[in-house]
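Coordinate inspection notes
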Amino acid sequence: MPDTAADPVVLILASRFDFTCDYVVAALRRRGVVYLRLNSEDLADCSVTLDPVARRLTVVLAGAHFCVTPTSLRSVLFRRPVFLRDYGDDNRSSQDRFARIQWAAFMQNLALFDDARWYNNPASTYGAEHKAVQLYEAARIGMRVPATLVTNAPSHEDVCLSGRQCAVKGLDTVMVREAGDEMFGFTTFASQTDCDDPAWTSAPTVFQEAIRDKTDVRVTVIDDRVFAAEVLVAGKGVTDDWRLHKRSAQFARHDLPEEVSKQCVELVAALGLRYGGIDLALSGDAYYFLEINPTGEWAWLVDAAGLPIDEAVADALSR
Amino acid sequence: MGNLHPLLARAQRYRRGQVDLQPPGCSYDALAGAWRDMATGALAVELPGRQGPRTKKMDIETGEDQKGE
């Protein structure tokens, strides 16, 4: 007979290898908050039953019995993909593929606990993942946005203004697998002559005014709390994609102007989110919005920049 | 390769290996919902120096929206 645990106040939907959640768990434990972490790869080892009309989730996990109801549940930390990509070389068995899809759907179906505060609700995350939507909303609330076109027909005039290079990136993550290899595309640059390549027509691409003399600033928003860190390599900002230099990158706390900070909070809310990892580029005294990651990572900034984001997330979840 | 989209042509290509994600010296505590240091029993993220779990942003890129999928 399983032991009955107290009803969870916080539900964490994750993977056991999503170490960011370990930071949240530690902070919740320091607060004495009752939580339940469900990992997608562990669900088959649990007994899980969802009554959608009564809105009752019962879980037997490692010999303990948990009951999640709208009465007790205050918040949900949703750390799973809102869609599963087809990478083209799925070597999983049919049983594994089937189970993966069904468990992903199960986690998303927990959205029926809509009285709880979701960080973030998967439906909102899905809508906010789209780069064009992000840029429109950011511009609408007054953020500075680089001139951008999404096109499969780049022209010299439209894309590479004044003969300068522009930044190019995928409209979605550029990642494919082939014959045991993996390919990942970082933001790169194109000149006017690059526009002549007929291969652009095969897929839409984001062409964006290049902000060369920049410092990348990563802004983490949780409700109305804002944490900003600048990315430096050898003490300076980098001209290209900082992830290409991440082994030597350093992260330092950054003080955002109050107006920019408020705009970041406003953007997260405008997209229907409670959490967002926002990429800004600082050039001169101008902050440019690049993108927002509704499921963006942050835990590395706790140690690297001394930002107590784990505590802020735990505060938000346990309110 | 002539028709390869420029973003794909410029992508970094690397061999997909079997990545052992398990933090060394740790075991997963399902009830606690966190990795524990096997030597001390402490949560790995609370160890001094935090030599245990690393977050994905500092590891292989898979896009932040896929959470390691």
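Here the residue numbers are simple positions, counted from 1 along each chain's written sequence. Ligands are numbered from 1 and chains lettered from A, in the order in which they are written. This being a predicted model, a pLDDT of at least 70 is required before a residue's local features are given, and a value of 80 or more before pairs of side-chain atoms are given or counted; all residues contribute to the totals for chains, interfaces and linings.

Notes on the overall build of chain A
Helix and strand counts for chain A come out as 8 helices and 19 strands. Taking 2.2 N^0.38 as the reference for a compact globule, 319 residues should give roughly 20 Å; the C-alpha atoms of chain A span a radius of gyration of 21 Å, in line with that estimate. Dimensions of chain A along its principal axes, counting C-alpha atoms only, are 70 × 45 × 35 Å. Think of it as a crowd count around each C-beta: if 20 or more other C-beta atoms lie within 10 Å the residue is buried, if 12 or fewer it is exposed, and in between it is partly exposed, with C-beta placed from the backbone throughout. When burial is assessed residue by residue, chain A has 40% of its 319 residues classed as buried. Pairs at least 24 apart in sequence give 71% of the contacts found in chain A among residues at least 6 apart. Elements are defined by DSSP. Helices are runs of H or I of four residues or more, strands are runs of E of two residues or more, and each kind is numbered from the N terminus. Just to be clear, the radius of gyration here is over C-alpha atoms, and the globule rule we use is 2.2 Å times residues to the power 0.38. Each residue is represented by a C-beta atom placed from its backbone, and any two residues with such atoms within 7 Å are regarded as in contact.

Describing the interface of chain A and chain B
In many analyses, interface size is given as the accessible surface area lost on bringing the parts together. Taken together, the 53 residues of chain A in the interface contact 41 residues of chain B. Looking at the side of chain A that touches chain B, the elements that each hand over two or more residues are helix 1 (20-31), strand 3 (35-39), strand 10 (166-170), strand 11 (174-178), strand 12 (181-185) and helix 7 (299-304) of chain A. Split by residue class, the side of chain A that touches chain B holds 23 nonpolar, 12 polar and 18 charged. The pairing of strand 12 of chain A with strand 1 (residues 12-15) of chain B spans 4 bridges and is classified as antiparallel. Opposite F184 of chain A, over in strand 1 of chain B, you have Q12 of chain B as the bridge partner. When residues are grouped by polarity, Ala, Val, Leu, Ile, Met, Phe, Trp, Tyr, Cys and Pro land in nonpolar, Asp, Glu, Lys and Arg in charged, and all others, Gly among them, in polar. Two strands are counted as paired when DSSP detects at least two bridges linking them.

Topic: the environment of L110 of chain A
Residue and element names in this part refer to chain A. If you trace the backbone, L110 turns up in the loop between helix 2 (94-109) and strand 8 (117-119). In this structure the C-alpha to C-alpha distance between L110 and A44, which are 66 residues apart in sequence, comes to 17 Å. Setting aside its immediate chain neighbours within four residues, L110 contacts L13 and L57.

Observations concerning helix 4 (residues 131-140) of chain A
Residues and elements named next belong to chain A. Where helix 4 is concerned, the buried positions are Q134, L135 and A138. In a view along the axis of helix 4, the buried residues occupy a sector of 95 degrees, so they form one face of it. With respect to the buried face of helix 4, the exposed residues turned more than 90 degrees away are A132 and R140. On the buried face of helix 4, the contacting elements are helix 3 (122-128), strand 9 (148-151), helix 6 (258-270) and strand 19 (286-293). The positive-phi residue at the C-terminal boundary of helix 4 is G142, with phi of around 100 degrees. This arc describes the spread of directions from the helix axis toward the C-beta atoms.

Looking at the sheet that holds strand 7 (residues 75-78) of chain A
All names here are of chain A. The strand order across the open sheet built from 4 strands is 3-2-7-8, with neighbouring strands paired in parallel fashion. Since the sheet does not close on itself, it has two edges, and those belong to strand 3 and strand 8, each with one partner. Averaged over all pairs of adjacent strands, the angle between strand axes in this sheet comes to 15 degrees, irrespective of strand direction. Where strand 2 (residues 10-14) meets strand 7, 4 bridges bridge the pair, whose relative direction is parallel. Of the residues in strand 7, the one forming a bridge with I12 is L77. The axes used here are C-alpha line fits, helices contributing only the stretch in contact, and every angle between their N-to-C directions lies in the interval 0 to 180 degrees.

A look at the domain arrangement of chain A
Residues and elements named next belong to chain A. Domain start and stop positions are those given by an automatic or database domain assignment. Split into domains, chain A comes out as domain 1 (3-119), domain 2 (128-143 + 212-318) and domain 3 (148-209). The C-alpha-based centres of domain 2 and domain 3 are spaced at 23 Å. Between domain 2 and domain 3, the residue contacts involve 7 residues of the former and 6 residues of the latter. For the side of domain 2 that touches domain 3, the per-class residue count stands at 3 nonpolar, no polar and 4 charged.

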